[in-house]
Amino acid sequence: MRSHPGGEAHTRRLIELAALPQGVSVLDLGAGAGEALALLRGMGYAARGIDLEPRGESVERGDLLCTGFPDASFDAVLSECAFFVSGDQRGALREARRLLKPGGKLLLSDLFFDDPAALLRAAGFTLLCAEDLTDAWREYYLEALWRGDAPCCEIPKGKCSYWLLIGRKDG
Ligand SMILES: C[S@@+](CC[C@H](N)C(=O)[O-])C[C@H]1O[C@@H](n2cnc3c(N)ncnc32)[C@H](O)[C@@H]1O
């Protein structure tokens, strides 16, 4: 099942754009069924993932807003379609930054009702890449409404956009 717009193709795109060195540590926040985890591990990364309601054995139970991992634990943090639905997108960005080593990368695909570049900068990231996936979001959203079984059915209506973003923790 596609649990984020664009499915595996967009996960691959996110990983490709981040150009992570081989074998580095990656934490998936809101990992769902663990599909991105499997992909990352298959590519040789040391990947872990947490979710409030894990849907796969590879995913650990945890809250992405308050993970409990020590500061600077990971070289990269990936999250797809989970920060906004957590109900505190800014808090999720803060926790992601805390978890990253200096120079670590954030690989984010998410829904935005605010300017994504400004949000990332305000959270202390340098924006390295941004791709607008709003068309893919519209398609995903309509499919989910049709099925009536996806978290995005509870998302407020209004003008929004969906972005694939790579940020770097500086300073
Ligand atoms: C749309 S799904 C995306 C799942 C996965 N990232 C993917 O793309 O397949 C959103 C996920 O975020 C998780 N989630 C929402 N709030 C969370 C929180 N505070 N902590 C951890 N996971 C959370 C949900 O349980 C759900 O699995």
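Residues numbered from 1 in each chain as written. Predicted model: local features only at pLDDT ≥ 70, side-chain atom pairs only at ≥ 80, totals over all residues. Heavy atoms only, no water.

Before going further, it helps to spend a moment on the side chain of Thr11. As for its placement among the helices and strands, Thr11 is situated in helix α1 (residues 7-18). When its relative accessible area of 3% is taken as the criterion, Thr11 is described as buried. (Helix = DSSP H or I, 4+ residues; strand = E, 2+ residues; numbered from the N terminus. Buried < 20%, exposed > 50% of the residue type's maximum accessible area, 1.4 Å probe, protein only.)

Below, the discussion takes up the side chain of Lys105. Relative to the elements of secondary structure, Lys105 occurs in strand β5 (residues 100-112). The side chain of Lys105 is buried and forms no salt bridge, while Asp170, the nearest opposite charge, is found at 9.8 Å. Not counting residues within four places of it along the chain, the set of residues in contact with Lys105 comprises Ala18, Ala19, Leu20, Asp75, Ala76, Val77, Leu100, Leu128, Ile166 and Gly167. (Lys, Arg positive; Asp, Glu negative; His and termini not counted. Salt bridge = Lys/Arg side-chain N within 4 Å of Asp/Glu carboxyl O. Contact = heavy atoms within 4.5 Å.)

As a structural note, the neighbourhood of the ligand is formed by 18 residues, with His4, Gly30, Asp51, Asp63 and Leu64 the closest of them. The backbone of Leu52 places a nitrogen or oxygen atom 3.2 Å from a nitrogen atom of the ligand. In this structure, a nitrogen atom belonging to the ligand sits 2.9 Å away from a main-chain N or O atom of Glu80. When the ligand sits alone it has 590 Å² of accessible area, and the protein chains cover 91% of it. For the shell around the ligand, a count of residues per class yields 7 nonpolar, 6 polar and 5 charged. (Near = heavy atom within 4 Å. Polar contact = N/O pair within 3.5 Å; in protein donor to acceptor, adjacent residues only side chain to side chain. Areas by Shrake-Rupley, 256 points an atom, 1.4 Å probe, with all protein chains shown as cover. Nonpolar A, V, L, I, M, F, W, Y, C, P; charged D, E, K, R; others polar.)

A few words on the pattern of salt bridges. Where charged atoms from two side chains of opposite charge come close, those side chains can pair. Applying the stated criterion to the full structure yields 10 salt bridges. As a salt-bridge pair, Glu8 and Arg12 come within 2.8 Å of each other at their nearest N and O atoms. Within this pair, Glu8 and its partner Arg12 are both found in helix α1, separated by 4 residues, close to a single helical turn. On the accessibility criterion, Glu8 (46% relative accessible area) is partly exposed. On the basis of relative accessibility, which here comes to 39%, the residue Arg12 falls in the partly exposed class.

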